[in-house]
Amino acid sequence: MVRVDPHLVESPAGYAAAVASACTTDFAVVGSSSPFDGQTGGFACGIPELATRVYTAAHQALTNSYAVIPSRSGTVAVGAFRQLLTTVSGCCRQFVLTPIGEPTHGIVQAQTRGAAAIGFTTAATPAVPATAGPAEYKKLVAELVADKATFARSGLGAASTVLLRKAAAENPGSSVVAAWYCDQTCADPPFLSEGGAAVQSQYVDVPANPLSDQGSVPAIATYVQASQQFGGPTLAGLESNAAGLLFQQVVKQVVASEGTNGITRSRVLAAVATVHGFTAGGILGTTDVGARQPTGCFALLQVQNGQLARVVPTAPGQLNCGSQNLQTVPKGG
């Protein structure tokens, strides 16, 4: 029997406390994803972490931490950016709303530099507080228009993207933008319901097969059904579920070789290091979890008639993966 000990983390101190608690009361940390994961001291206890994502370089260096969507400091995913640059006429002079706090500020800035490295030009990267409201977004759109931006995104997530698109809908000059972009935070149903007509044509970049693929990917359908009793499915929840499937796989691997009484933290870590072709039943592209190798996998979606439709690849259950979708970027502000 598996007991789940959930923790909602909202600060660096909260993250450190959650890890300390896990070290003393839990066997492993599974499905974790937090921008506050730079608080790594607690992992010295040797607890296995099978995360969704690991954000900071210090955390990526931990020998007992693995992610089902691996990342590496100095490397960013640019597959969706390259797709837009080559297929959307008039793109891409980028206007990027940048969060103020770390590590998200650094992450978005690195992505902006990655886009520039493959051919984007940069109009502006204004720093925007999380507390900014409609009046501030109206000013940002005016700046966007004045800067003649043809690609626009908010690095502050779905709620900020809705504010940006609603402000743009009130400014006819915003038609200069050829591509409105958002990351996976815009892949959940609330983005569509809250954005309404304002988010029509929005591009959404996801690193896993989307929830809409449940008819083609049984693992997604199983998650969607199970999540109904917990508030409904989200892409973040699906990705966390993928980490749970990794934990299930490596525990079964240990049991097969050591028996049911042979499950230890060190054996689980040894087992996960041997996983080099993980897909979580088709939720993810083929991932070398053991080598912590970023895949560059993505699907590009677009809001069409109030729904998220696949643009690339068009077939359900398919992702565009490969080193061509990864870009090394220099350090910068």
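Residues numbered from 1 in each chain as written. Predicted model: local features only at pLDDT ≥ 70, side-chain atom pairs only at ≥ 80, totals over all residues. Heavy atoms only, no water.

Examining the packing of helix α8 (residues 218–227) against helix α9 (residues 235–258)
Operational definition: Axes here refer to lines fitted to C-alpha atoms; in helices the fit is confined to the stretch in contact. Angles between the N-to-C directions go from 0 to 180 degrees. Going along the chain from the N terminus, every DSSP run of H or I of four or more residues is numbered as a helix, and every run of E of two or more is numbered as a strand. Reported orientations rely on four angle classes, namely roughly parallel under 35 degrees, roughly antiparallel over 145, roughly perpendicular from 65 to 115, and oblique for the rest. If you view the pair so one helix is near and one far, a crossing is left-handed when the near helix is turned anticlockwise from the far one by less than a right angle, and right-handed when it is turned clockwise. Residue contacts follow a heavy-atom distance rule, with two residues in contact if any of their heavy atoms lie within 4.5 Å. Under the convention adopted here, Pro, Cys and the residues Ala, Val, Leu, Ile, Met, Phe, Trp and Tyr are nonpolar, Asp, Glu, Lys and Arg are charged, and Gly plus all remaining residues are polar.
Following both chains from N to C, one finds α8 and α9 inclined at 115°, their axes separated by 10 Å at the closest point. Between α8 and α9, the crossing angle belongs to the class labelled roughly perpendicular. Of the two possible hands of crossing, α8 and α9 adopt the one that is right-handed. Across the interface between the two elements, Ala-219, Ile-220 and Tyr-223 of α8 pack against Gly-237, Leu-238 and Asn-241 of α9. When the residues that make up the contact of α8 with α9 are grouped by side-chain class, the tally is four nonpolar, two polar and no charged.

Things to note about the sheet that holds strand β3 (residues 65–67)
Condition: DSSP calls a pair of strands paired once it identifies at least 2 bridges connecting them.
Strand order in the open sheet formed by three strands is β1-β2-β3, with parallel pairing between adjacent strands. Each having just a single partner strand, β1 (29–30) and β3 make up the two edges of the open sheet. Both β1 and strand β2 (residues 49–51) contribute to a ladder of two bridges, which runs parallel. For Val-29, the partnering residue across the bridge sits in β2 and is Glu-49.

Focus: the pattern of salt bridges
The following threshold applies: Any Lys or Arg side-chain nitrogen found within 4 Å of a carboxyl oxygen on Asp or Glu counts as a salt bridge. Relative accessibility decides the category of a residue: with a 1.4 Å probe and only protein chains considered, values under 20% of the type maximum give buried, values over 50% give exposed, and everything between is partly exposed.
For the structure shown, the criterion picks out three salt bridges. For Arg-53, the salt bridge identified is with Glu-239, shortest N-O distance 2.6 Å. Here Glu-239 lies in helix α9 and Arg-53 lies in the loop between β2 and α2 (57–60), a separation of 186 residues in the sequence. The pair Arg-53 / Glu-239 is uniform in exposure class, with both members buried. A salt bridge links Arg-267 to Glu-258; the nearest nitrogen and oxygen atoms lie 3.7 Å apart. Under the relative-accessibility criterion, Glu-258 is labelled partly exposed at 41%.

Description of the nonpolar core
Operational definition: We define a nonpolar core as any set of buried Ala, Val, Leu, Ile, Met, Phe, Trp, Tyr and Cys residues linked to one another through side-chain atoms lying within 4.5 Å.
Membership of the largest hydrophobic core comes to 47 residues, with the highest contact counts inside it found for Val-68, Phe-191, Leu-246, Val-250, Phe-278, Ile-283 and Leu-284. Looking at this core, the elements with two or more residues in it are α6 (158–169), α7 (189–195), β10 (203–206), α8, α9, α10 (265–272) and β11 (299–304). Here the element with the most residues in this core is α9; it accounts for nine residues. Ile-283 has contacts with Ala-208, Asn-209, Val-217, Ala-219, Ile-220, Leu-238, Asn-241, Ala-242, Leu-245 and Leu-319, leaving out every residue within four places of it along the chain. If you look at the next biggest cluster of nonpolar residues, it comprises 20 residues, including Phe-81, Ala-115, Phe-120 and Val-312.

So, the state of the cysteines
Here is the idea: a disulfide is a covalent bond, and it sits between the sulfur atoms of two cysteines. Defined as follows: Pairs of cysteine sulfur atoms within 2.5 Å are identified as disulfides in what follows.
Tallied over the entire structure, the rule returns four disulfides. Here Cys-23 engages in a disulfide with Cys-45; their sulfurs sit 2.1 Å apart. Disulfide Cys-23-Cys-45: torsion about the S-S bond near -70°, hence left-handed. Linking Cys-23 in helix α1 (residues 12–25) with Cys-45 in the loop between β1 and β2, this pair joins segments that are 22 residues apart in sequence. Looking at Cys-23, the relative accessible area reads 14%, which means it is buried. A residue is classified by how much of its surface remains accessible, and Cys-45, at 35% relative accessible area, is partly exposed. Covalent S-S linkage joins Cys-91 and Cys-92, the inter-sulfur distance amounting to 1.7 Å. Its S-S torsion of approximately 100° makes the covalent link between Cys-91 and Cys-92 right-handed. Across the pair, exposure class does not vary: Cys-91 and Cys-92 are buried alike.

Regarding the packing of aromatic side chains
Selection criterion: Any two of the Phe, Tyr and Trp rings considered here, Trp counted by its six-membered ring, make a pair once their centres fall within 6.5 Å; the pair's planes then place it as stacked at under 30 degrees, edge-to-face at over 60, or tilted in between.
A complete count under the given rule lists six aromatic pairs for this structure. Consider the rings of Phe-27 and Phe-247, whose centres lie 6.4 Å apart with planes at 55°: the pair is tilted. Of this pair, Phe-27 sits in the loop between α1 and β1 while Phe-247 sits in helix α9, placing them 220 residues apart in sequence. Overall, the relative accessible area of 17% leaves Phe-247 in the buried class. On the basis of an interplanar angle of 70° and a centroid distance of 5.0 Å, the ring pair of Phe-120 and Phe-151 is categorised as edge-to-face. Taken together, the residues Phe-120 in the loop between α4 (104–117) and β6 (121–124) and Phe-151 in strand β8 (residues 151–154) connect sequence positions 31 residues apart. According to the relative accessible area criterion, Phe-120 is buried, its value standing at 4%. Each residue in the set Phe-81, Phe-120, Phe-151 and Tyr-181 is aromatic and connected to the rest through ring pairs, giving one cluster.

Side note on the environment of Asp-26
Along the polypeptide, Asp-26 turns up in the loop between α1 and β1. Here Asp-26 falls in the buried class, since its relative accessible area comes to 13%.

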